[in-house]
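# Topology and contacts: notes
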Amino acid sequence: MSNLAVVLRRELASYFATPVAYVFIVIYLIMSAVFTFYLGGFYEREIADLEPFFRFHPWLYLFLVPAIGMRLWAEERKSGTVELLLTLPITATEAVLGKFLAAWLFIGLALALTFPIWITVNVLGRPDNGVIIAAYLGSWLMAGGFLAISACLSAATRNQVVAFILSVVVCFLFLLSGLPMVLDVFRGWLPQALIDAIANLSFLVHFSSISRGVLDLRDLLYFVLVIGFWLAANRIVLELKKAD
Amino acid sequence: MIKAKSLSRHYGPLIAVDRLSFEVEPGTILGFLGPNGAGKSTTMKMLTGFLEPSSGSAEIFGHDIRRDSLAARRMLGYLPEGAPLYGELSVGRFLRFVGEARGFRGGELAARVHSALDRLSLGEVVGQSIETLSKGFKRRVGIAQAILHDPPALVLDEPTDGLDPNQKHEVRQLIRDMASERIMIISTHILEEVDALCTRAMIIARGRLLADDTPAGLLRRSRYHNAVTLVLDDLQAAASVLGALQESAEVEIRRGRLTVFPSGRGNLFEAVTREVQAAGWAVSQIQLESGRMDEVFRTVTGQQEAA
């Protein structure tokens, strides 16, 4: 597994050798501030918490995480470097995990750089910092879920635009699967147990309980399983599609 | 030693490589020769562990490419077709990545990278990002990553494709320098390359092995092998005289040149020069042909020789 770290470091080196890293971080920070202060009414609420900040994260990630994930494999396949990578003594599992972790750590860095808002809320009032830490963790886990979906779909095509659009659509379905507009489609012809299962797939439902400070093991496990499932799928898709 | 046993690869209904078997010993520069789409690259992709064979197998110095893929890959250096590289990285950073993936750390890693940079004269561009380099430099970076761990076998897919004549010459010289005690497998569709570089050539078309010989052996299959070509004023008169020799089988006049083909009896070249002197023709050129690779290639791959 030592080659996992080798792949991870190379990926991170590539992020910072191109404008990708800087553009992503700047846009992410600006957008999260805009959402928090204008749409979330951070000041107007006069409550010392970061709910207006975290509330918009699922929507922010819906577009920004596929933007990071789309290049993971599509770019390697397009340029042919996937052949270089997978003929080194690196296993496909190491490559899949290394690439995923690099992107996930990178998103974690962008998330960590929102720390001024944490300082702000602590200056202005007395928030429950335990809830905030839980919400940060939940946000990062949710980003990991979006990222694993994007990574898998990125391996399915050489075209980054196609990878992006597919990822946004699938992420959107996962995000909304708890809402009536999705469930109504299944209601009437699926048994209630399956409808409940679909509702339980929703990122929103699991994230909102974590972001309220409820660290339920089931919610954590949910995101870990989502990530695991899509990374396993990523490995299979890579194996099937690398030759095309 | 590299051993391929009935190696096959199908893409759906298309058979890209069809039961290819061969063995290569160290010290050999083996050229895969074939038209585009003949299965050369697919064969290389299977040997290097990128693609799984649909059936059959291969061993790289005793390591099976399926069961023992990582160990097999460690014995190989590989330059994929088109020399793909991580363009955004600097040359030094890229070679360090490959070195780390090959298991080198610390001083050993630095020494390996340094020696690869040295061998391919890449010292001056070590800090430059790869995408800003010229094609010749990029190819050298691609070869540098392949030889970084000093592997006993190198697989280079079209190493000179797309380079200018000087760069081609340079890359061929590099390949020759690296060939002793190693197995080198290169693929090419440039025929002169086989003659200039390889000690053994395999002609592959439609996934099948059609010929496996030394370049000289392939040239012997040419109808031009040991033929004599002359350039002189009165082609018709000379043709009728030389065609009657018992050493000649046939004569041919094409583009102002007269070619006499050997019948296999006696020494044709001596007979022709004797006749030339006796008749006193004004001959401006006379040449003993070793054979024409393009003609052998077309014959073997089953295409009509262009008129």
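This one's a predicted model, so the numbers in the text were calculated from it and none came from an experiment. (Residues numbered from 1 in each chain as written. Chains lettered and ligands numbered in written order. Predicted model: local features only at pLDDT ≥ 70, side-chain atom pairs only at ≥ 80, totals over all residues.)

This part covers the interface of chain B and chain A. At the junction of the two partners, chain B supplies 22 residues and chain A supplies 18 residues. Broken down by element, the residue count for the side of chain B that touches chain A peaks at five residues, all from helix α3 (residues 91-101) of chain B. Along the lines of polarity and charge, the residues of the side of chain B that touches chain A split into 12 nonpolar, four polar and six charged. (Contact = placed C-beta atoms within 7 Å. Helix = DSSP H or I, 4+ residues; strand = E, 2+ residues; numbered from the N terminus. Nonpolar A, V, L, I, M, F, W, Y, C, P; charged D, E, K, R; others polar.)

Residue and element names in this part refer to chain B. Taken together, four strands build an open sheet; the order of strands is β12-β13-β11-β14 and the sheet is antiparallel. Taken across any chain shown, the strands that pair with only one partner, and hence form the sheet edges, are β12 (248-254) and β14 (283-288). Recorded for the sheet is a direction-independent mean angle of 15° between the axes of neighbouring strands. By the bridge criterion, six bridges tie β12 to strand β13 (residues 257-262) in an arrangement that is antiparallel. Across the sheet, the residue bridging to Ser248 is Pro262, located in β13. (Pairing = 2+ DSSP bridges. Axes fitted to C-alpha atoms, helices over the stretch in contact; angles between N-to-C directions.)

A few words now on the packing of helix α14 (residues 203-211) of chain A against helix α15 (residues 217-241) of chain A. Angle between the axes and distance between the axes: these two values describe a pair of packed helices. Residue and element names in this part refer to chain A. It is at 9 Å that the axes of α14 and α15 come closest, and there the two elements cross at 135°. Taken together, α14 and α15 sit at an angle that is classed as oblique. Of the two elements, α14 crosses α15, and the hand of that crossing is left-handed. Of the residues in α15, those touching α14 at His206, Ser209 and Ile210 are Asp219, Tyr222 and Phe223. Among the residues making up the contact of α14 with α15, the classes are represented as three nonpolar, two polar and one charged. (Parallel < 35°, antiparallel > 145°, perpendicular 65-115°, else oblique. Left-handed = near helix turned anticlockwise from the far one by under 90°.)

All names here are of chain A. If you look at the biggest cluster of nonpolar residues, it comprises 135 residues, and the most contacted ones within it are Leu147 and Ala148. Broken down by element, the residue count for this core peaks at 14 residues, all from helix α10 (residues 129-154). Not counting residues up to four positions away in its chain, the partners in contact with Ala148 are Phe100, Val226, Ile227, Trp230 and Leu231. (Core = buried A, V, L, I, M, F, W, Y, C linked by C-beta atoms within 7 Å. Buried ≥ 20, exposed ≤ 12 C-beta atoms within 10 Å, placed from the backbone.)

Once that is clear, we can look at helix α11 (residues 293-300) of chain B. Residues and elements named next belong to chain B. The set of residues buried in α11 consists of Met293, Val296 and Phe297. For α11, the buried positions fall inside an angular range of 100° around the axis, keeping them on one side. Where α11 is buried, its residues contact β3 (28-33), α7 (191-197), β9 (200-205) and α8 (215-220). One or two residues past the end of α11 sits Gly302, with phi positive at roughly 80°. (Arc of directions from axis to C-beta.)

Here the focus is the environment of Phe24 of chain A. Residues and elements named next belong to chain A. Structurally, Phe24 is set in helix α2 (residues 20-39). On the neighbour-count criterion, Phe24 (19 C-beta atoms within 10 Å) is partly exposed. C-alpha of Phe24 to C-alpha of Leu64: the two residues are 40 residues apart in sequence and 7.7 Å apart in space. Excluding anything up to four places from it in sequence, Phe24 contacts Leu64, Ile68 and Ala110.

All names here are of chain A. Their axes nearest at 9 Å, the elements α10 and helix α11 (residues 160-176) cross at an angle of 140°. For the element pair α10 / α11, the angle class is oblique. For the crossing formed where α10 meets α11, the hand is right-handed. Residues Phe146, Ile149, Ser150, Leu153 and Ser154 of α10 lie in contact with α11, whose contacting residues are Ala163, Leu166, Ser167, Val170, Cys171 and Phe174. Taken together, the residues that form the contact of α10 with α11 break down as eight nonpolar, three polar and no charged.

Right, let's talk about the sheet that holds strand β5 (residues 63-64) of chain B for a bit. Residue and element names in this part refer to chain B. The four strands are arranged β2-β1-β4-β5 in an open sheet whose pairing can be described as antiparallel. The open sheet has two edge strands with one neighbour each: β2 (14-24) and β5. Sheet topology places strand β4 (residues 55-60) next to β5; two bridges connect them, and they run antiparallel. For Glu59, the partnering residue across the bridge sits in β5 and is Asp64. Sheet strands touched by helix α1 (residues 40-47): β1 (2-11), β2 and β4. Its angle to β1, the strand with the most contacts, is close to 120°.

As a further point, take the confidence of the model for chain B. When pLDDT is averaged along chain B, the result is 90; 98% of the residues meet or exceed 70. For this predicted complex, the interface confidence score (ipTM) comes to 0.88, while the overall pTM stands at 0.88. (pLDDT = per-residue confidence, 0-100.)

What follows deals with the confidence of the model for chain A. Here chain A shows a mean pLDDT of 90. Residues at 70 or above account for 100%. Across chain A, helix α8 (residues 92-112) of chain A holds the top mean pLDDT of 96, while helix α12 (residues 180-186) of chain A sits lowest at 78.

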